[in-house]
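Listed below, chain by chain, are the residues.
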Amino acid sequence: MTFEEIYAAYSPRVYRLCRGYVRDADWAADLTQEVFVAVWQHLAGFRGEAAVSTWVFRIATNTCLRQVSREKKRATTPTAPEDFPANLAAELPDSGPQERLDALYRAIGELAEADRLLIGLVLEAVPYPEIAAIVGISEGNVRVRLHRIKEKLTTRIASYGTV
């Protein structure tokens with residue numbers, strides 16, 4: 001695959017994955033750009049031992065995790081849950097699709113880093129075997145952890161009020 005083909009196929013999915021980490025559209029776009037700079041730089045060295053999607057999502061998750069780590073060191077994270085009103089969704093007059101999506105991103109942002117990674121990959125329709133390869137755990141463990149994550153998300157979104 002050429003870089004252009006990879007970019008066309010994966011940039012929207014990588015953006016949504018990044019958005020799940022940082023919950024800020026501009027910041028997610030910057031991270032997406034950083035991911036594809038890395039893809040461009042390392043494309044010649046890609047050996048094809050894994051699927052292109054696995055390779056791209058691994059770069060994306062590593063980029064997001066590095067960013068989260070950098071922000072923790074700065075001790076001021078603009079995506080910290082306490083920066084948002086306690087009942088953001090409940091304050092919305094009419095919860096439409098965008099409000100529900102925002103509530104989902106908010107709930108995902110409150111998860112632990114590893115959980116954000118897993119649910120982000122699922123939302124991008126990455127197959128479970130690929131998720132297992134990207135994260136480095138068994139496929140069975142992926143299924144169990146995702147079930148628990150979905151329960152957490154359901155509980156958190158419900159706590160925001162009617163969405």
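Another point: the overall build of the protein chain. The helix and strand inventory of the protein chain stands at 7 helices and 0 strands. When its helices and strands are written in sequence order, the protein chain yields α-α-α-α-α-α-α. Burial status across the protein chain gives 40% buried among its 163 residues. Looking at the protein chain alone, contacts between residues at least 24 apart form 65% of all its contacts between residues at least 6 apart. For the protein chain, the accessible surface area stands at approximately 8800 Å², while carbon and sulfur atoms represent 55% of it.

Here we take up the confidence of the model for the protein chain. Residue-level pLDDT values for the protein chain average 80, and 83% of them are 70 or greater. Counting interchain partners and residues more than four positions distant, the pLDDT-below-50 stretch residues 75-94 has 35 contacts.

Glancing now at the environment of P129. On the secondary structure map, P129 appears in helix α6 (residues 128-135). For P129, a relative accessible area of 47% translates into the label partly exposed. With 11 residues separating them in the primary sequence, P129 and G140 have C-alpha atoms 9.3 Å apart.

Following the criterion strictly, the structure yields 6 aromatic pairs and no others. For the ring pair F3 and F36, a centre distance of 6.4 Å and an interplane angle of 75 degrees mean the geometry is edge-to-face. Within this pair, whereas F3 is found in helix α1 (residues 3-22), its partner F36 is found in helix α2 (residues 25-42), the two being separated by 33 residues in sequence. The residues F3 and F36 share a single accessibility class, namely buried. Exposure remark for F36: the relative accessible area of 4% places this residue in the buried category. Members of the aromatic cluster, joined through ring pairs, are F3, Y7, F36 and W40.

Note that Q67 resides in helix α3 (residues 52-74). Residue Q67 is classed as buried on the basis of its relative accessible area, which comes to 7%. In this structure, Q67 is in contact with W27 and L31, ignoring residues within four places of it in sequence.

So, on to the nonpolar core. Y10, V14, F36, V39, V56, F57 and L121 are the most contacted members of the largest nonpolar core, which has 41 residues in total. At the level of elements, α1, α2, α3, α4 (97-109), α5 (113-123), α6 and α7 (139-159) are the ones that each hand at least two residues to this core. If we ignore the near neighbours within four places in the chain, the residues touching F57 are Y10, R13, V14, L17, L121, E124, V126 and I134.

This paragraph deals with α7. Along an α-helix, residues three or four positions apart point the same way, because every turn accommodates 3.6 residues. Helix length check: α7, at 21 residues, gives a terminal C-alpha distance of 30 Å against a target of 30 Å (1.5 Å per residue), a fit within 8%. Along α7, the residues that are buried comprise V142, L146, I149 and L153. The arc that holds every buried residue of α7, seen down its axis, measures 70 degrees, which confines them to one face. Exposed side of α7, more than 90 degrees from the buried face: R148, T154, T155 and A158 are the residues found there. In this structure, the buried residues of α7 make contact with α4, α5 and α6.

Parameters at a glance
Residues numbered from 1 in each chain as written. Predicted model: local features only at pLDDT ≥ 70, side-chain atom pairs only at ≥ 80, totals over all residues. Heavy atoms only, no water. Helix = DSSP H or I, 4+ residues; strand = E, 2+ residues; numbered from the N terminus. Buried < 20%, exposed > 50% of the residue type's maximum accessible area, 1.4 Å probe, protein only. Contact = heavy atoms within 4.5 Å. Areas by Shrake-Rupley, 256 points an atom, 1.4 Å probe, with all protein chains shown as cover. pLDDT = per-residue confidence, 0-100. Phe/Tyr/Trp six-rings, centres within 6.5 Å; stacked < 30°, edge-to-face > 60°. Core = buried A, V, L, I, M, F, W, Y, C linked by side-chain atoms within 4.5 Å. Expected span 1.5 Å × (residues − 1). Arc of directions from axis to C-beta.

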